[in-house]
Amino acid sequence: MAVVHNSGFRLTKEHFLVAVPVAVVSAAAGFLVSHFLSSRTCKKGHVNVDISKDSPKVVHSFDMEDIGTKAVYCRCWKSKKFPFCDGAHTKHNEETGDNVGPLIIKKKDA
């Protein structure tokens, strides 16, 4: 069986017997190489991208007496007033589909 194209090139059964396995192996190899390379170069995302990066751990401590009646703390790491919340999580949530919000600490009503 041979398929003849207008250019005069003939495709025979032997061409297909060689071309199909080569194409399958090439596609599998391409997938594996791209998966291997992407897993090597893509590290898990950092939550904190720019706050106190020179410190081994970012820690903030507050005395309960200094808080007053209410304090609102950032949990998305995007606030320009970090560690306090400035509402930056709203834009972050819209862009990423996340649902992060602030940590609110308040005194119980007496």
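From a predicted model like this one, the values you see are computed outputs, not experimental measurements.

Caption draft 1: Expanded view of the confidence of the model for the chain. The pLDDT averaged across the chain works out to 82; a share of 85% of its residues lies at or above 70. The secondary-structure element of the chain with the lowest mean pLDDT is strand β1 (residues 2-4), recorded at 54, while strand β3 (residues 70-73) shows the highest, at 93.

Caption draft 2: Broad picture of helix α3 (residues 88-96). Taken as a whole, α3 has its buried residues at H89, H92 and N93. Down the axis of α3, the smallest arc covering the buried residues is 100 degrees, so these residues share one side. With respect to the buried face of α3, the exposed residues turned more than 90 degrees away are K91, E94 and E95. Immediately downstream of α3, the backbone of G97 shows phi near 80 degrees, a positive value.

Caption draft 3: Expanded view of the nonpolar core. By size, the foremost hydrophobic cluster in this structure holds five residues: I51, C74, C76, F82 and V100. Ignoring sequence-local partners within four residues, the contact set of V100 consists of R75, C76, H89, H92 and N93.

Caption draft 4: Expanded view of the UniProt feature "transmembrane region" (unreviewed entry) in the chain. Per the UniProt annotation, the sites labelled "transmembrane region" (unreviewed entry) are residues 16-37. Annotated as 100% helix and 0% strand, the span residues 16-37 places its first and last C-alpha atoms 31 Å apart.

Here is what the cut-offs are and how they apply
- Residues numbered from 1 in each chain as written.
- Predicted model: local features only at pLDDT ≥ 70, side-chain atom pairs only at ≥ 80, totals over all residues.
- Heavy atoms only, no water.
- pLDDT = per-residue confidence, 0-100.
- Helix = DSSP H or I, 4+ residues; strand = E, 2+ residues; numbered from the N terminus.
- Buried < 20%, exposed > 50% of the residue type's maximum accessible area, 1.4 Å probe, protein only.
- Arc of directions from axis to C-beta.
- Core = buried A, V, L, I, M, F, W, Y, C linked by side-chain atoms within 4.5 Å.
- Contact = heavy atoms within 4.5 Å.
- UniProt positions renumbered as here; feature names shortened; annotations may be inferred.

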